Amino acid sequence: MGAEHSFQERGAKRSRSAMDEPAISLRDVTAGYDGRPTIEAITLEVEEGDFYGIIGPNGGGKSTLLKVILGLIAPMKGAVRIMGLPPEEGRRHIGYLPQYADYDKVYPISVWDVALMGRRSRRGISPWYSSEDRRAAEEALDAVNMLDHRERNIGKLSGGQRQRVFIARALASRPKILLLDEPTASVDPEGQESIFALFSELNKEMTILLVSHDVGMITTHVNKLACINRTIVTHDEPVITPEMLQKGYSCPVDLIAHGDVPHRMLRNH
Ligand code: ADP
Ligand code: MG
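Throughout this description, residue numbers start from 1 for each chain and increase along the sequence as written. Chain letters and ligand numbers both follow the written order, the letters beginning at A and the numbers at 1. pLDDT decides what is reported in this predicted model: residues at 70 or higher carry local features, side-chain atom pairs at 80 or more are listed and counted, and totals for whole chains, interfaces and linings draw on all residues regardless. Think of the side-chain values as coming from all heavy atoms in the structure, minus any hydrogens and water.

Asks: Whenever I open this one, the overall build of the protein chain confuses me. Can you help?
Replies: Within the protein chain, the secondary structure is distributed over 9 helices and 11 strands. Across the 269 residues of the protein chain, 48% fall into the buried class. Of the contacts made within the protein chain by residues no fewer than 6 positions apart, 68% connect residues no fewer than 24 positions apart. Each accessible area value is a Shrake-Rupley result obtained with a 1.4 Å probe; residue values ignore everything except the protein chains displayed when judging cover. With an accessible surface of roughly 13,200 Å², the protein chain has 51% of that area assigned to carbon and sulfur atoms. Put simply, DSSP H or I for four residues or longer makes a helix, DSSP E for two residues or longer makes a strand, and each gets a number counted from the N terminus. When a residue's accessible area, from a 1.4 Å probe over protein chains only, is under 20% of the maximum for its type it is buried; when over 50% it is exposed; and in between it is partly exposed. Throughout, a residue-residue contact means that at least one pair of heavy atoms, one from each residue, lies within 4.5 Å.

Asks: Would you explain the pairing of strand β8 (residues 224-229) in this entry?
Replies: Along any regular strand, the residues point their side chains to alternate faces of the sheet. Within β8, 5 of the 6 residues are buried, leaving the element largely enclosed by the surrounding structure. Pairing between two strands requires that DSSP report at least two bridges joining them. For strand β3 (residues 51-55) and β8, the ladder comprises 4 bridges, and the chain directions are parallel. In the strand pairing of β8, G53 is matched with L225.

Asks: Would you take a moment to explain helix α2 (residues 62-69) for this structure?
Replies: Residues spaced three or four apart along an α-helix face the same direction, because each turn holds 3.6 residues. Of all the 8 residues making up α2, 7 are buried; the element is thus mostly covered by neighbouring parts of the structure. Those residues of α2 not exposed but buried are K62, S63, T64, L65, L66, V68 and I69. Trailing α2 by a residue or two, G71 shows a phi angle of about 80°, which is positive.

Asks: When you look at the nonpolar core in this model, what are you seeing that I'm missing?
Replies: One recurring pattern in soluble globular proteins is that nonpolar side chains are buried together. Buried Ala, Val, Leu, Ile, Met, Phe, Trp, Tyr and Cys residues that are joined via side-chain atoms within 4.5 Å together make up what is termed a nonpolar core. The biggest cluster of nonpolar side chains holds 42 residues, and the ones touching the most others in it are I167, F199 and L202. Of all elements in the fold, only β3, α4 (111-117), α5 (131-143), α6 (159-171), β6 (177-181), α7 (189-202), β7 (207-212) and β8 reach the threshold of two or more residues within this core. The biggest single contributor to this core is α6, with 6 residues. Not counting residues up to four positions away in its chain, the partners in contact with F199 are F51, I167, L180, P183, I208 and L210. Grouped together as the second largest cluster of nonpolar side chains are 27 residues, A31, L65, I73 and I94 included.

Asks: Any chance you could explain the packing of aromatic side chains here in plain terms?
Replies: Each aromatic ring pair is characterised by the separation of its centres together with the angle its planes make. The aromatic pairing rule takes the rings of Phe, Tyr and Trp, using the six-membered ring of Trp, and pairs them if the centres are within 6.5 Å, calling planes under 30 degrees apart stacked, those over 60 edge-to-face and the rest tilted. Here the structure, examined in full by the defined rule, presents 2 aromatic pairs. Their ring planes at 80° and their centres at 5.8 Å tell us that F196 and F199 sit as a pair that is edge-to-face. Linking F196 with F199, this pair stays in helix α7, spanning 3 residues, or about one helical turn. Here F196 falls in the buried class, since its relative accessible area comes to 3%. Through pairs of rings, three or more aromatic residues link up here, namely F51, F196 and F199. Counted as over-ring charges are cases with an Arg CZ or a Lys NZ within 6 Å of the ring centre that also lie within 35 degrees of the ring normal. Geometry around W112 places R150 over its ring, the cationic atom sitting 4.3 Å from the centre.

Asks: Got a minute to help me understand the pairing of β7 in this structure?
Replies: Of all 6 residues that make up β7, 6 are buried, and the element is covered over most of its length. As judged from the 5 bridges shared by β6 and β7, these two strands associate in the parallel manner. Bridge pairing in β7 links L178 to I208. With the strands pointing away from the viewer, any crossover whose connection runs clockwise from the first strand over the helix to the second is right-handed. A crossover connection joins β6 to the parallel β7 through α7; in handedness this β-α-β unit is right-handed.

Asks: I tried to follow the sheet that holds strand β4 (residues 77-82) on my own but got confused; where do I start?
Replies: What holds strands together in a sheet is hydrogen bonding between their backbones, with the strands either parallel or antiparallel. Reading across the sheet, the 3 strands line up as β2-β1-β4 and stay open at both edges, with antiparallel pairing between neighbours. Edge positions in the sheet fall to β2 (36-46) and β4, since each of these pairs with one other strand and no more. In this sheet, neighbouring strand axes are inclined to one another by 30° on average, regardless of whether the strands run parallel or antiparallel. Pairing of strand β1 (residues 24-33) with β2 involves 7 bridges; the strand directions are antiparallel. Note that in β2 the partner of Y33 across the bridge is R36. Here, axes are lines fitted to C-alpha atoms. For helices the fit covers the stretch in contact, and angles between N-to-C directions go from 0 to 180 degrees.

Here it is as structure tokens:
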């Protein structure tokens, strides 16, 4: 595995002291449901400070990958580490935005309640939210520009506003790493632009791993990009190369349509 070896060496040279661990590391991970693999031989390293994008078609295993990172699905094979810790421990450093489901908007709860929910894992057995919980929820809503809407019912918001509130829920635990599953799938184009601008801002303070079937905006905001469809193609440089497209990994159709531009440069990070 020459390519993998040089990838590791470069990581070591670039930023890592002996004590530092990558934000997220997967080594040869195979995982799935009911004993059948959905993702296979996944090796991935997300370094601290990365804005890492992974694209792939529906059913390609993106959500499964995030659940493996969170320790919600145990791999059949391979190793997962979050900041050097097993997922069950390391996930306290992670804020997670699950893939949006339509039923998320029918709960009759307020913006404020959703943000506070992000504090639940920090609260231990106490049924009450502390003043620290409230402060963290407030900061999170402020960060996504939704604090003025705190009393509103989430069912009454636009798709973009609602997604910001769910992002605030992920931020309320003050994570070091954000995992984002299709964060703009239910958002109109203008809303998407501003949500990606928000991610770039958040990326100054935290590592981000974003998965999406939509190739559009992601390529201009991330500093690293991979393609997943059961197996993964990673690329050390922030470009989409013909190699990534042609290896038979079935990247999404609109990415292939862009494939006549040999090296699609991403925005400088
Ligand atoms: P993506 O997020 O890229 O659309 P998923 O990770 O959701 O892909 O799904 C990958 C594959 O795993 C699909 O074939 C899907 O049907 C299957 N799958 C997802 N969740 C489950 C589950 N809970 N039980 C069984 N199969 C599942
Ligand atoms: Mg998914």
